[in-house]
Amino acid sequence: MFGALFRRSGPPAYALAAGTRAYAIGDVHGRRDLLEALLARIDAERAADPRPREHLVLLGDLIDRGPESRGVLDLLRARQAVDASLTILGGNHEAMLVALLDGGVKDLASWLHFGGEECAASYGLDPLALLADPGAAAAMLRAAIPAAHQHLLRSLPDSLRVDDVLFVHAGIRPGVPIDVQASQDLRWIRTPFLRSTADHGVLVVHGHTIVGEPEIHANRIAIDTGASATGRLTALCLDGAERRFLATGF
């Protein structure tokens, strides 16, 4: 189904070093069931055919929209304890929740509308109660969300670079050096990045913007296939110079 996507649109063909493999998983959005299924497939591949250097990267937007935001964070915290190859990046949805936890309630209604209702419910909160008393919303969220989850949300990095590949949630600001990219862009950017055909000096692997099928461009690969709505959670496997996809929902 994805065969045509392996045609590269032109140089440069950035890759990982030989003996290095990375699995990048797109936006989970509260679908613990899909994440468990995809991790099982990845674990089976890694066990059957290991590499000297392994990376497992979650591209952010772990929470909201789907029914099990809390369950996703529980699963990933447990995974952190046993898998040193795991890197969990933060997305814009994590950034919104952290801002709310810190008392920035101006975006409360927006967060609830764009998936926060389901996240709040997963922690036993009534979204209507949050809206009814915005001034108390931050305290209610802090009381309901375990301290370990709050710590995880606050500790998520914006990006991970492995060889010639940069893993981020949303993308990068074209023309800005990789090491001085703004967190706001790494978690939120769309149009300037998506329309750019520039050579960024790395291959950017990202989620954030939903695509019907994974998209391979010369300078980026997009793998957010709308898991919360479609049931399709996609992972990109980069194995040295090879590229392929795994996905749920087939």
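This write-up is about the structure you can find in this document. What you see is a predicted model; the values in this text were computed from it and never measured.

The subject of this paragraph is the layout of surface pockets. In this structure, the largest pocket spans a volume of roughly 170 Å³. Surrounding the largest pocket, 13 residues form its lining, Arg65, Asn92, His93, Arg190 and His208 being those nearest its centre. Per-element accounting of the lining of the largest pocket gives the leading share, 3 residues, to helix 3 (residues 92-101). Partitioned by chemical class, the residues of the lining of the largest pocket number 4 nonpolar, 4 polar and 5 charged.

With respect to the helices and strands, glutamate 94 occurs in helix 3. Despite its burial, glutamate 94 pairs with no opposite charge; the closest candidate is arginine 187, at 5.2 Å N-O. If we ignore the near neighbours within four places in the chain, the residues touching glutamate 94 are Gly60, Asp61, Leu62, Ile63, Leu153, Leu156 and Arg187.

Contact geometry of helix 2 (residues 69-80) with helix 7 (residues 147-155) gives a least axis separation of 11 Å together with a crossing angle of 80 degrees. On the basis of their axis angle, the class for helix 2 and helix 7 is roughly perpendicular. Contact with helix 2, carried on its side by Arg70, Leu73, Asp74, Arg77 and Gln80, involves Ala148, His149, Leu152 and Leu153 of helix 7 and no other residues of that element.

Looking now at the sheet that holds strand 6 (residues 203-206). The sheet built from 5 strands is open, its strands ordered 4-5-6-8-7 with mixed pairing. Where the open sheet ends on each side, the last strands, each with one partner, are strand 4 (159-162) and strand 7 (215-216). Relative to strand 5 (residues 165-168), strand 4 is paired through 4 bridges, and the arrangement is antiparallel. Along strand 5, the bridge assignment pairs leucine 160 with phenylalanine 167.

Bringing the pattern of salt bridges into the picture now. Scanning the model with the defined rule gives 15 salt bridges in all. With its nearest N and O atoms 4.0 Å apart, the salt bridge here joins glutamate 54 to arginine 46. Side by side, glutamate 54 and arginine 46 carry an identical accessibility label, which is buried.

Right, let's get into helix 7. Considered for burial, the residues of helix 7 that qualify are His149, Gln150, Leu152 and Leu153. For helix 7, the arc enclosing every buried residue in end-on projection is 160 degrees, short of the 170-degree limit, so these residues lie on one face. Among the exposed residues of helix 7, those oriented more than 90 degrees off its buried face are Ala147 and His151. Lining the buried residues of helix 7 we find helix 2, strand 3 (86-88), helix 3 and helix 6 (134-144).

Along the chain, aspartate 27 falls in the loop between strand 1 (20-25) and helix 1 (32-48). One polar contact links the side chain of aspartate 27 to the main-chain amide nitrogen of histidine 208, over a distance of 3.2 Å. Contacts of aspartate 27, omitting those with residues within four sequence positions, involve Gly60, Asp61, His169, Gly207, His208, Asp224, Ala227 and Leu233.

Strands sit in the order 3-2-1-9-10 across an open sheet of 5 strands; the sheet is mixed. One side of each edge strand has no neighbouring strand; the edge strands of this open sheet are strand 3 and strand 10 (242-247). Across the sheet, the mean angle separating the axes of adjacent strands is 20 degrees when strand polarity is ignored. Judged from the 6 bridges that link them, strand 1 and strand 2 (residues 53-58) form a sheet pairing that is parallel. Across the sheet, alanine 24 pairs through a bridge with valine 57, a residue of strand 2. With respect to the sheet, helix 1 is in contact with strand 1, strand 2, strand 9 (234-239) and strand 10, its orientation differing from that of strand 1 by roughly 170 degrees.

This part covers unusual backbone geometry. You will see that aspartate 61, though not glycine, has its phi angle at about 55 degrees, which is positive. The buried category is assigned to aspartate 61, whose relative accessible area is 2%. Positive phi, normally seen in glycine, also occurs at aspartate 64, with a value near 75 degrees. Within the fold, aspartate 64 resides in the loop between strand 2 and helix 2.

Next up on the list: helix 6. Every buried residue belonging to helix 6 is among Ala137, Ala138, Leu141 and Ala144, and all of these are buried. Across the axial projection of helix 6, the buried residues extend over an arc of 140 degrees, all falling on one side. With respect to the buried face of helix 6, the exposed residues turned more than 90 degrees away are Gly135 and Ala143. Its buried side turned inward, helix 6 meets helix 2, helix 3, helix 4 (108-122), helix 5 (127-132) and helix 7.

Definitions and limits used
Residues numbered from 1 in each chain as written. Predicted model: local features only at pLDDT ≥ 70, side-chain atom pairs only at ≥ 80, totals over all residues. Heavy atoms only, no water. 1 Å grid on protein atoms, 1.4 Å probe; cavity = no way out; pocket = protein on both sides within 12 Å on 5 of 7 lines; lining within 4 Å. Points joined across faces, edges and corners; volume = space filled by probe spheres on them. Helix = DSSP H or I, 4+ residues; strand = E, 2+ residues; numbered from the N terminus. Nonpolar A, V, L, I, M, F, W, Y, C, P; charged D, E, K, R; others polar. Buried < 20%, exposed > 50% of the residue type's maximum accessible area, 1.4 Å probe, protein only. Lys, Arg positive; Asp, Glu negative; His and termini not counted. Salt bridge = Lys/Arg side-chain N within 4 Å of Asp/Glu carboxyl O. Contact = heavy atoms within 4.5 Å. Axes fitted to C-alpha atoms, helices over the stretch in contact; angles between N-to-C directions. Parallel < 35°, antiparallel > 145°, perpendicular 65-115°, else oblique. Pairing = 2+ DSSP bridges. Arc of directions from axis to C-beta. Polar contact = N/O pair within 3.5 Å; in protein donor to acceptor, adjacent residues only side chain to side chain.

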